[in-house]
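# Understanding the architecture of this molecule
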Amino acid sequence: MRGGNQTISEFLLLGLPLQPEQQNQFYALFLAMYLTTVLGNLLIIILIRLDSHLHTPMYLFLSNLSFSDLCFSSVTVPKLLNNMQSQDPSISYAGCLAQMYFFLFFGDLESFLLVAMAYDRYVAICFPLHYGTIMSPSLCLCLVAVSWVLTTFHAMLHTLLMASLCFCADNVIPHFFCDMSALLKLACSDTRVNELVIFIMGGLVVVIPFLLIIMSYARIVSSILKVPSARGIRKAFSTCGSHLSVVSLFYGTIIGLYLCPSADNSTVKETVMAVMYTVVTPMLNPFIYSLRNRDMKGALGRVICKKKIPFSL
Ligand SMILES: *[C@@H]1O[C@H](CO)[C@@H](O)[C@H](O)[C@H]1NC(C)=O
């Protein structure tokens, strides 16, 4: 496959495996889901910013999570929507690497923020009296900053390794965004180092956060079981329920993608799972947090009422 020295300047994204008559329905569906994602997450960020009752560590992390969901979805979905309508589904080489970088960046950021949120719930339930001193604003800022630094390093490492590969013959990506594994299959240079780094770093970035989350929930459960009371259990459920749902959605998709034995039509399965984590998960997170949450509803009421009074004067 070593066909000459000329390098490829753009890739073709094949998009979703759809029949031509299905294109318009799916276009409308993805557009609606993307708009819901943007509006839902923006609403959460604005509510938390405007309402001072929500300036607690849990909601500041949630606002960061919404920001990262919004960006994560925006890395892939607008390009997908654009390609569904255009005759020329191409993406430049630099655009492809940039998409890969931001995809990794916001994907990891989400996983690190989920760990910070799990730690926050652990402190809130196991050390309720010291919560204010342990989860100080500087610690919160520090956790968010560390997440940004680690995720920058990780995304940069993969992007630089990918940029060092040579792409010379094939430029058709059978996916709807520049997925790392799809790109590796197109490279004409040796990809063993890349695969090794993906394997090791992927393990660290997915498995360590997952174990940390499991550990904090194990501590939460054991602390509730030590003094079992209906009130304690209800409190734990009401404060951890939303976080646990988001964690299950996030890791459920990853586990479904990588651990379940793949059927023969694995491209279809891979595409469906990729749609799950790029389109569906970022859309559901705001609903999971706001529907059952009395604080968020109260904040919405207060923000709307506060806005109404000056207008009615
Ligand atoms: C993210 O969290 C930090 C620290 O708690 C907070 O200062 C910042 O405002 C949050 N960012 C967003 C976009 O909500």
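Conventions used here
Residues numbered from 1 in each chain as written. Predicted model: local features only at pLDDT ≥ 70, side-chain atom pairs only at ≥ 80, totals over all residues. Heavy atoms only, no water. Helix = DSSP H or I, 4+ residues; strand = E, 2+ residues; numbered from the N terminus. Contact = heavy atoms within 4.5 Å. Core = buried A, V, L, I, M, F, W, Y, C linked by side-chain atoms within 4.5 Å. Buried < 20%, exposed > 50% of the residue type's maximum accessible area, 1.4 Å probe, protein only. Near = heavy atom within 4 Å. Polar contact = N/O pair within 3.5 Å; in protein donor to acceptor, adjacent residues only side chain to side chain. Areas by Shrake-Rupley, 256 points an atom, 1.4 Å probe, with all protein chains shown as cover. Nonpolar A, V, L, I, M, F, W, Y, C, P; charged D, E, K, R; others polar. Salt bridge = Lys/Arg side-chain N within 4 Å of Asp/Glu carboxyl O. Pairing = 2+ DSSP bridges. 1 Å grid on protein atoms, 1.4 Å probe; cavity = no way out; pocket = protein on both sides within 12 Å on 5 of 7 lines; lining within 4 Å. Points joined across faces, edges and corners; volume = space filled by probe spheres on them. Disulfide = S-S within 2.5 Å.

A separate point is the side chain of H158. Along the polypeptide, H158 turns up in helix α5 (residues 137–163). Contact partners of H158, with chain neighbours within four places excluded, come to M100, L104, M180, V197, I198 and M201.

This next bit is on the nonpolar core. The biggest cluster of nonpolar side chains holds 86 residues, and the ones touching the most others in it are F11, M162, F167, I173 and L183. Looking at this core, the element that brings in the most residues is helix α3 (residues 93–126), giving 19 residues. Each residue touching L183, except ones within four places of it in the same chain, is listed here: F11, C96, M100, M162, F167, I173 and C178.

Our focus in this paragraph is the site of the ligand. Around the ligand lies a shell formed by R49, L60, S63, N64, C140, L141 and V144. In this structure, R49 approaches the ligand through a side-chain N or O atom, which is 3.3 Å from an oxygen atom. The side chain of N64 places a nitrogen or oxygen atom 2.3 Å from an oxygen atom of the ligand. The protein chains hide 75% of the 360 Å² of surface that the ligand would expose on its own. Here the residues of the shell around the ligand are counted per class, giving four nonpolar, two polar and one charged.

In this section: the pattern of salt bridges. Evaluated as defined, the whole model comprises three salt bridges. With a closest N to O distance of 3.0 Å, R302 and D51 form a salt bridge. With a gap of 251 residues between them, R302 in helix α10 (residues 294–312) and D51 in the loop between α1 (23–50) and α2 (57–85) connect regions that are remote in the sequence. Classification of D51 by relative accessible area gives buried; the value is 2%.

The subject of this paragraph is the sheet that holds strand β3 (residues 172–173). Taken in spatial order, the three strands make up an open sheet running β2-β1-β3, and their pairing is mixed. The sheet is open, and its two edges are formed by β2 (90–92) and β3, each paired on a single side. Pairing between strand β1 (residues 10–13) and β3: two bridges, direction parallel. In the strand pairing of β3, L13 is matched with I173.

Our next topic: empty space enclosed by the protein. Going through the model one piece at a time under the given rule, you end up with one cavity of 30 Å³ or more. Its boundaries defined by the atoms lining it, the largest cavity holds a volume of some 30 Å³. As for the largest cavity, its lining consists of M58, M117, D120, R121, H243 and Y289. If you tally residues by element for the lining of the largest cavity, the top one is α3, at three residues. Within the lining of the largest cavity, the residues separate by chemical class into three nonpolar, one polar and two charged.

Here we come to the state of the cysteines. A complete count under the given rule lists two disulfides for this structure. Note on cysteine connectivity: C96 is disulfide-linked to C178, with sulfurs 1.9 Å apart. Between C96 and C178 the sulfur-sulfur dihedral comes to about -110°; the bridge is accordingly left-handed. Here C96, found in helix α3, pairs with C178, found in the loop between β3 and α6 (180–186); they are 82 residues apart in sequence, far enough to count as distant. The exposure class assigned to C178 is buried, which follows from its relative accessible area of 1%. The disulfide bridge from C168 ends at C188, spanning 1.9 Å between sulfur atoms.

The next subject is the side chain of T253. Note on placement: T253 falls in helix α8 (residues 230–258). On the basis of relative accessibility, which here comes to 6%, the residue T253 falls in the buried class. A polar contact is formed between the side chain of T253 and the backbone oxygen of L249, at a distance of 2.5 Å. Not counting chain neighbours up to four residues away, the residues in contact with T253 comprise S248, M273, M276, Y277 and T281.

Limitation: the analysis is restricted to geometry and does not speak to function.
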